[in-house]
Each structure stands twice: as structure tokens, then as C-alpha cells.
Amino acid sequence: MRVDLALIGFGNVARRFVRLLDEQRHRLADDHALDYRIVGIATRRHGTTHQPDGLDAALAASHVEAGGRLDEIAAPRATDAFEVIAALATSTAPLRVVVETTTLDIENGRPAIDHVDAALASGCHVVTANKGPAAFAYGRLHATAEAAGLSFLFEGAVMDGVPIFNLVRETMPTAAVQRFRGIVNSTTNHILTALEDGEAFAPALARMQALGIAEADPSLDVDGWDAAAKAAALANVFMDAGITPHDVVREGLGPGTAERAREAKARGQRLRLIASGARGQRPSVALTELAPGDLLAGLSGQANALILTTDILDDIAICQLGGDLCHTAYALLSDLVTVRRRAGASG
Ligand SMILES: NC(=O)c1ccc[n+]([C@@H]2O[C@H](COP(=O)([O-])OP(=O)(O)OC[C@H]3O[C@@H](n4cnc5c(N)ncnc54)[C@H](OP(=O)(O)O)[C@@H]3O)[C@@H](O)[C@H]2O)c1
């Protein structure tokens, strides 16, 4: 079955996604009967392109990485993200999917939410690694997608490619998540591990930026906003909380954090940024001293983990011992396969 894709956002994650799609092209075709074309790309400062017969995404990626603009490769037939989405909607492919990877906007989740709305309104499925839509508007977007018979999937929003939302949705029928508690931000966990070992803050952050793991605006990581957005998404999806990241009680790393981290380690404890939530309560993101026996205390560097407390299965822990861009790209790929599976044998 042919799937036409439009990439809204073409930064670190989307460019790695393009490479991963290419690497997995044969498995997608053989195991999932999924044959894709990328027909449109929209960025903020690197131009926009739409080619209804498919475009060379690898060429586009190398051109953008060299500082070029997409409209230098081929004359643009669409000039912004909304025109690219509208153009995708005219495709005759059985499946049309918008891949949303624009920058997280922590004020209100826009324009990512507007991109999702535009896609769903024009009959396109959505997969996204952006936390904004699920953190600010999950209930409404999920209902809109369901009513239209479309998918709105966002596995990459929390813990990259490690299945969190898929795990609960696909493999835990009737079980309800009552609480969650975890380390969900790689950048701050890496920094806290460096600080407790006596390293300085700036080089630890620079390493995360060099790997493309820190947010475009790293203060979103450091000030706890990224973790708050993830906590809001988890609460919205698992607990129908209907909140935004601004409803999360939030603490970030500050001037006294290095000393606290070193002192905690000297006492055999670990200082970690913990995101937690429970039904009927405001989620929180807080620097917390963990005893050595705490599962989360054992997580160093970029490692993440989430403990879900459920009504039937009690506590389930899922760990991500290392993370990189490929994992986030994989989340998009796995969501794409979910869209394909839901289409069944039709088309
Ligand atoms: N990096 C990770 O490890 C990771 C992990 C999980 C989730 N995420 C999420 O995935 C998303 C993408 O991350 P990234 O690392 O790829 O970010 P990035 O490298 O900063 O790329 C963001 C892309 O979005 C484009 N963009 C921004 N605003 C736009 C708009 N209004 N219309 C069209 N395009 C727009 C940018 O265009 P220009 O290049 O022209 O500015 C850029 O191509 C973010 O929401 C992030 O939170 C990232």
C-alpha cells in the first residue's frame, strides 16, 4: 500500500527519520506492505517544497545540512506548512500521513497543534515526535482523529522510541494507569550525573547539544519544561487529565543544583529530576533525592525510565539505557507502521 508523507519540520529528528526510512525500506515493503514516498517538506527558515511525484529526501537533507534552502532544489509548489498539508491532501495515495517534528513551543503548543488540526481536517493521519499536541490538546485531537477515522500518534513524545503509549494502548487492555513516576529528560539526567561527579554544567550541556538531544532552546530541558510537557502528555493520555504543561508543578536545575548533587552522592544518595503524576492530582517535576535502592537512582547519563502503577498489573518499569536521534526517528517509523496496520488489507 502506498503512503505519501509530508514532513512538517526537517531538523535533526526528521532528517534521521528520512535516513531510517531508507534503511528500512525493504522491511517496510516485505513485512508491512508499506511503500512510501515523501512528497512535501516544510521548514521555518530553510524553505518549503512539494513534489507530487515524490522528492529526493536524502538530497534535501544534505542540502539543508549544508545550509541550503529546499526551494533551491526544485521550484516550490507550496510556500508554508499549511500549503504542504493541503497539497498532501490532494494525493491519491491510499494513506496520507503528516509527520510533525517542528520545535516544541511551551507557551501553547502552537503551531504544532494547528498542523495536526489542518492534517486531520483534510483527511491525513498524523505522527509526531512533538510533545506539544499531546501535552496541550490530547483529548480534543484524539477525539477529532477518532471521529474522522484517522490516527493521531505521538510515541516519540516521551522516551523516544521506547514504547510507552503503544505499550499501554496495544498490550494492556482494560488495565488503568493510576500513577506514573520516572526520569524522562535525557539532557538533565546527563547533566546531573556530570555534576555529582564534580564536572561543570556547561560542557555537560554542550555534549547533549552536540548530539542533537537537547531541545533547540536548551532552557526547556534545564528549567524542567520538557519534563513538564511529558508529564502533561502522560497524564492526559493515561488519566484523561485535560491539563497543559503549565498545570504541572515544576522545578528545574538551578545555581545550587551542583552542590546538592555532589552532597547527595557523598551520602550515597542520588539527586534526580523526577516527573510524577497520579489520578486526580497535579503532576510534578522536581529535583528529588533518591535512596540507593530506588530503581531510578541507578539511572546515569542519558538513561530514562518510567514506572507505571496500574490497577491490575501493579508496577511496570520500562527503561531506556541510552538514547539517540535514531530512537526518536524509530518512534515515528513505528507510528507509521501502526497507521499502515490500521488500514488493514484495504487499498
Ligand atoms: N532531538 C531529540 O532527541 C528529540 C527527542 C524526542 C522528541 N523531540 C521533539 O521532536 C521535535 C523536533 O526535534 P528536532 O531535534 O528535530 O528539532 P530541530 O532540529 O530544531 O528541528 C525543528 C524543525 O522544525 C522546523 N520548524 C520550526 N517551526 C516551524 C514552523 N512553524 N513551520 C515549519 N517548520 C518549522 C525547523 O525549521 P528550520 O530548520 O528552518 O528552523 C526545523 O526544521 C521537537 O518538537 C522535539 O521536542 C526531539
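Up top is the structure these notes are about.
Not measured: the values here are computed from a predicted model.

This paragraph deals with the sheet that holds strand β1 (residues 2–8). Within the open sheet, the six strands sit side by side as β3-β2-β1-β4-β5-β6. Their pairing is mixed. Every other strand in the sheet has two partners, leaving β3 (48–50) and β6 (152–153) as the edge strands with one partner each. Where strand β5 (residues 125–128) meets β6, two bridges bridge the pair, whose relative direction is parallel. When the bridges of β6 are listed, V126 appears paired with F152.

Let's shift gears to the side chain of T128. By the element assignment, T128 lies in strand β5. Look at T128 and you get buried, because its relative accessible area is 0%. Filtering out sequence-adjacent residues up to four positions away, T128 remains in contact with E100, F152, L153, F154, E155, G156 and L332.

Now for the site of the ligand. Residues in close proximity to the ligand total 26 residues, the closest being F10, V13, R45, T102 and E215. Between an oxygen atom of the ligand and a main-chain N or O atom of V13, the distance comes to 2.8 Å. Within the backbone of L104, one N or O atom sits 3.5 Å away from an oxygen atom of the ligand. Look at the ligand: alone it shows 900 Å² of surface, and the protein chains cover 88% of it. Mapped by element, the contributors of at least two residues to the shell around the ligand are α1 (12–23) and α13 (325–342). Residue composition of the shell around the ligand, grouped by class: nine nonpolar, twelve polar and five charged.

Turning our attention to the sheet that holds strand β7 (residues 177–183). Sheet architecture is open: six strands sit in the order β8-β10-β9-β7-β11-β12, paired in mixed fashion. Each edge of the open sheet is held by one strand with a lone partner, namely β8 (249–250) and β12 (314–320). Here seven bridges tie strand β9 (residues 270–278) to strand β10 (residues 284–290), and the two strands are oriented antiparallel to one another. Among the inter-strand pairings, S276 is bridged to a residue of β10, identified as S284.

Turning next to the pairing of β9. Among the nine residues of β9, seven are classified as buried, and the element is accordingly described as predominantly covered. In the sheet, β7 pairs with β9 via four bridges, with the strands oriented antiparallel. Paired with F180 across the two strands is G277, which belongs to β9. Linkage of β9 to β10, two consecutive antiparallel strands, is achieved through a turn of five residues, within which G280 is found at a positive phi near 80 degrees.

F238 and L306 are the most contacted members of the largest nonpolar core, which has 76 residues in total. Ignoring sequence-local partners within four residues, the contact set of L306 consists of M159, I164, F180, R181, G182, V184, L234, I316, A317 and I318. One finds V13, A14, L55 and L332 within the second-largest nonpolar core, a separate group that totals 36 residues.

Here we come to the packing of aromatic side chains. Counted by the stated rule, this structure contains four aromatic pairs. Relative to F154, the ring of Y138 has its centre 5.7 Å away and its plane inclined at 80 degrees; by these criteria the two rings are edge-to-face. Of this pair, Y138 sits in helix α6 (residues 132–148) while F154 sits in the loop between β6 and α7 (165–171), placing them 16 residues apart in sequence. Each member of the pair, Y138 as well as F154, is classed as buried. On the basis of an interplanar angle of 75 degrees and a centroid distance of 4.9 Å, the ring pair of F154 and F165 is categorised as edge-to-face. With F154 in the loop between β6 and α7 and F165 in helix α7, this residue pair connects regions lying eleven residues apart in the sequence. Connected via pairs of aromatic rings, a cluster forms that spans Y138, F152, F154, F165 and F238. Lying over the aromatic face of W225, R250 brings its terminal NZ or CZ to 3.8 Å of the ring centre.

What follows concerns unusual backbone geometry. Of the consecutive residues R110 and P111, the connecting peptide bond is found in the cis state with omega at 10 degrees. Turning to its location among the elements, P111 is positioned in the loop between β4 (95–100) and α5 (112–121). Located in the positive-phi region is D160, a residue other than glycine, with phi close to 50 degrees. In this structure, D160 sits in the loop between β6 and α7. Residue classification places D160 among the buried residues on the basis of a relative accessible area of 18%. A positive phi is found at T174, a non-glycine position, where the angle reads about 70 degrees. For T174, the position within the fold is in the loop between α7 and β7.

Reading the values: rules and limits
Every chain is numbered independently, its residues counted from 1 as its sequence is written. Under the rules for a predicted model, residues below a pLDDT of 70 receive no local features and side-chain atom pairs below 80 are neither given nor counted, while totals for whole chains, interfaces and linings still include all residues. Hydrogens and waters are ignored; side-chain quantities use all the structure's heavy atoms. Two strands make a pair as long as DSSP finds a minimum of two bridges between them. The numbering of helices and of strands both runs from the N terminus, where a helix is a DSSP run of H or I of at least 4 residues and a strand a run of E of at least 2. Only protein chains enter the calculation, and the probe is 1.4 Å; a residue is then buried if its accessible area is under 20% of its type maximum, exposed if over 50%, and partly exposed in between. Should any heavy atoms of two residues lie within 4.5 Å, those residues are considered in contact. Any residue with a heavy atom positioned within 4 Å of a molecule or strand is treated as near that molecule or strand. Whenever two N or O atoms come within 3.5 Å, that pair is a polar contact, provided that in protein one can donate a hydrogen and the other can accept it, and provided that, for residues adjacent in sequence, both atoms are side-chain atoms. Every accessible area reported is derived by Shrake-Rupley at a probe size of 1.4 Å, with residue values counting cover from the shown protein chains alone. Charged means Asp, Glu, Lys or Arg here, nonpolar means Ala, Val, Leu, Ile, Met, Phe, Trp, Tyr, Cys or Pro, and polar covers whatever is left, Gly included. For our purposes a nonpolar core is just a set of buried Ala, Val, Leu, Ile, Met, Phe, Trp, Tyr and Cys residues, chained together by side-chain atoms within 4.5 Å. Here a pair means two rings of Phe, Tyr or Trp (six-membered ring of Trp) with centres within 6.5 Å. Their orientation is stacked below 30 degrees between planes, edge-to-face above 60, and tilted elsewhere. Only lysine NZ and arginine CZ atoms are considered, and such an atom sits over a ring when it is within 6 Å of the ring centre and within 35 degrees of the ring normal.

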